[in-house]
Amino acid sequence: DTSDTSTSNDPIWFVKSASPKECGGPYHANVADDLVEWIVAAGYDNVKVVGGGRIDYKLTATAATATAADKQGHATVYGKSIGFGRGDHYQVAALIESWSDGTISATVDASPSLY
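Worth saying up front: this structure is predicted, and the values here are computed from it rather than measured. (Residues numbered from 1 in each chain as written. Predicted model: local features only at pLDDT ≥ 70, side-chain atom pairs only at ≥ 80, totals over all residues. Heavy atoms only, no water.)

Caption draft 1: Focus on the pattern of salt bridges. Scanning all chains against the criterion turns up one salt bridge. Between Asp 34 and Lys 16 there is a salt bridge, with the nearest N and O atoms lying 2.2 Å from each other. Here Asp 34 is found in helix H2 (residues 28-41), whereas its partner Lys 16 is found in the loop between strand S2 (12-14) and helix H1 (20-23), with 18 residues between them in sequence. What makes Lys 16 partly exposed here is its relative accessible area of 30%. (Salt bridge = Lys/Arg side-chain N within 4 Å of Asp/Glu carboxyl O. Helix = DSSP H or I, 4+ residues; strand = E, 2+ residues; numbered from the N terminus. Buried < 20%, exposed > 50% of the residue type's maximum accessible area, 1.4 Å probe, protein only.)

Pasting the structure below:
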């Protein structure tokens, strides 16, 4: 989870999920470096990584077989980053659903034992 408060008092949230190959390494810092660089290049400053976690995504219906009312996937947000701590998983789940126009349902597993 990354936020930028440079243009208002309300943070702007960014979420990125990527494989180690896609982001240059297996750690949250690898994902964050790439995302922060992109956000700064877009003209934002005061960028702060406020937490991390994991997102498991399961495809429940393909676009070819799903009707508009069908959910096409499900994301579970959970865990934490050793370096950045636990992100706001409820905010992330809401962002996933909003970004996907409702085609992905997202839930949070807040079990403290999950990494």
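Caption draft 2: Summary view of the pairing of strand S5 (residues 73-78). Pairing of strand S4 (residues 54-59) with S5 involves six bridges; the strand directions are antiparallel. Residue pairing across strands places Asp 56 opposite Thr 76, the latter belonging to S5. Two elements, S5 and strand S6 (residues 104-109), share six bridges in a ladder whose sense is parallel. Within S6, the residue paired with Ala 75 across the bridge is Ala 106. Once you follow S5 into helix H3 (residues 89-99) and on to S6, the crossover reads as right-handed. (Pairing = 2+ DSSP bridges. Right-handed = clockwise from strand over helix to strand, strands pointing away.)

Caption draft 3: Region of interest: the layout of surface pockets. The space that makes up the largest pocket amounts to roughly 500 Å³. Lys 16, His 28, Val 31, Gly 53 and Arg 54 are the residues nearest the centre of the largest pocket, which is lined by 32 residues in total. Those elements that place two or more of their residues in the lining of the largest pocket are H1, H2, S4 and H3. If one sorts the elements of the lining of the largest pocket by residue count, H2 sits on top with five residues. (1 Å grid on protein atoms, 1.4 Å probe; cavity = no way out; pocket = protein on both sides within 12 Å on 5 of 7 lines; lining within 4 Å. Points joined across faces, edges and corners; volume = space filled by probe spheres on them.)

Caption draft 4: Summary view of unusual backbone geometry. Phi is positive for Asn 46, close to 60°, though the residue is something other than glycine. When you line up the elements, Asn 46 lands in the loop between H2 and strand S3 (47-49). Owing to a relative accessible area of 51%, Asn 46 belongs among the exposed residues under this scheme. You will see that Asp 101, though not glycine, has its phi angle at about 55°, which is positive. Mapped onto the secondary structure, Asp 101 falls in the loop between H3 and S6. What makes Asp 101 exposed here is its relative accessible area of 71%.

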